[in-house]
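Residue-level structural notes
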Amino acid sequence: MSKVVIFKGSPRKNGYTAKLLEQVAKGAKSKGAEVIKFDLNDPGIRGCQGCFYCRTHDGCTVEDYLHPMYEAINEADAIVFGSPIYYYQITGQARVWLDRTFPMVAGLKDTFVPRHPGKKLITIFVQGSSDPKIGAEGIKFVNDIFKTYGWKLEDNIHYCGTSHNPDLTMFDELSLRAFKDGKNLVG
Ligand SMILES: Cc1cc2nc3c(=O)[nH]c(=O)nc-3n(C[C@H](O)[C@H](O)[C@H](O)COP(=O)(O)O)c2cc1C
């Protein structure tokens, strides 16, 4: 059975990011995948402690809410990450999580070796401004890091303009695209 792991970087339980991630989950489940979700706003999450254990070991010394994600990622066929844009970047919650994904590579910068390459990847971003350039750099930053991990970007959804008169027709189209993305992760 295919395994899909979803990371939700928005604190809003029913916001646009959450809804798009849910569509990916539904699509994957419709093809029989097992879906595991991590809410990056969980109060039980600690930041990276900078111990460098993961430079020489495939694991993390921080025993918290996120700890089970390492096994979940190792076993996963696909990773799905979603975050709103806050101050031109992913949310603080998602940024804390990103540091904790350091075990995905061995070694030090310039000699990074992916430990769990080949996962399919879907990324989802949502922003208040209708100008996609606002979030573009933050999105590139995250997608580039995932590339370093050897994860293969299958689709990147960027929904813009939630602050004023959101384009709900566009949102419906992207929701359908997210559902199809989820289906395509399987098989
Ligand atoms: C602290 C904070 C900072 C934000 N910064 C930006 C920003 O830099 N650019 C932007 O377009 N929207 C910004 N927004 C708006 C969010 O991206 C927008 O509300 C988005 O729809 C939230 O996603 P969600 O519905 O999934 O929670 C910010 C919102 C908050 C709360």
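Above: the structure in question.
What counts, and where the lines are drawn
Residues numbered from 1 in each chain as written. Predicted model: local features only at pLDDT ≥ 70, side-chain atom pairs only at ≥ 80, totals over all residues. Helix = DSSP H or I, 4+ residues; strand = E, 2+ residues; numbered from the N terminus. Contact = placed C-beta atoms within 7 Å. Axes fitted to C-alpha atoms, helices over the stretch in contact; angles between N-to-C directions. Left-handed = near helix turned anticlockwise from the far one by under 90°. Nonpolar A, V, L, I, M, F, W, Y, C, P; charged D, E, K, R; others polar. Buried ≥ 20, exposed ≤ 12 C-beta atoms within 10 Å, placed from the backbone. Near = placed C-beta within 6 Å. Pairing = 2+ DSSP bridges.

Side note on the environment of Tyr86
Secondary-structure assignment places Tyr86 in strand E3 (residues 78-86). Taking the C-alpha atoms as reference, Tyr86 lies 21 Å from Cys48; in sequence the two are 38 residues apart. The residues contacting Tyr86, other than those within four sequence positions of it, are Thr91 and Gly92.

Side note on the packing of helix H1 (residues 16-30) against helix H5 (residues 168-184)
A packed helix pair is summarised by two numbers, namely the angle formed by the two axes and the spacing between the axes. Viewed as axis vectors pointing N to C, H1 and H5 meet at an angle of 40 degrees, and their least axial separation amounts to 6 Å. As for how H1 packs across H5, the hand of that crossing is right-handed. Packed against H1, whose contacting residues are Tyr16, Lys19, Leu20, Gln23, Val24, Ala25, Lys26, Gly27, Ala28 and Ser30, the element H5 presents Phe171, Leu174, Ser175, Ala178, Phe179, Lys180, Asp181, Gly182 and Lys183 at the interface. Considering only residue class, the contact of H1 with H5 consists of nine nonpolar, five polar and five charged.

A short note on the environment of Pro84
Within the fold, Pro84 resides in strand E3. Classification of Pro84 as buried rests on a count of 25 C-beta atoms within 10 Å. Measuring from C-alpha to C-alpha, the distance between Pro84 and Ile6 comes to 15 Å, with 78 residues separating the pair along the chain. Setting aside anything within four residues of it in sequence, one finds Pro84 in contact with Ser10, Thr17, Thr91, Val126 and Gln127.

Examining unusual backbone geometry
A positive phi angle, close to 65 degrees, is found at Phe52, a residue other than glycine. Given 12 C-beta atoms within a 10 Å radius, Phe52 is considered exposed. Phi is positive for Tyr88, which is not a glycine, with a value near 70 degrees. Following the sequence through the fold, Tyr88 ends up in the loop between E3 and strand E4 (89-90).

Things to note about the environment of Ala178
Structurally, Ala178 can be placed in helix H5. Its 25 C-beta neighbours within 10 Å are what place Ala178 among the buried residues. When the C-alpha atoms of Ala178 and Gln23 are compared, they prove to be 5.6 Å apart, with 155 residues separating the residues in sequence. Excluding residues that lie within four positions of it along the chain, Ala178 makes contacts with Leu20, Gln23, Val24, Gly27, Ile124 and Ile157.

Remarks on the site of the ligand
Taken together, 16 residues surround the ligand, and among them Gly15, Thr17, Pro84, Gly128 and Ser129 come closest. Put simply, the parts of the chain that give the shell around the ligand at least two residues each are H1, E3 and strand E7 (120-127). Broken down by element, the residue count for the shell around the ligand peaks at three residues, all from E3. Along the lines of polarity and charge, the residues of the shell around the ligand split into eight nonpolar, seven polar and one charged.

With respect to the pairing of E7
Of all eight residues that make up E7, eight are buried, and the element is covered over most of its length. Side-chain alternation along E7 places Lys120, Ile122, Ile124 and Val126 on one buried face and Leu121, Thr123, Phe125 and Gln127 on a second face that is also buried. In this sheet, E7 lies alongside E3 in parallel orientation, the contact comprising seven bridges. For Ile79, the partnering residue across the bridge sits in E7 and is Leu121. With eight bridges connecting them, E7 and strand E8 (residues 152-160) associate as parallel partners. The residue bridging Ile124 from the neighbouring strand is Ile157, located in E8.

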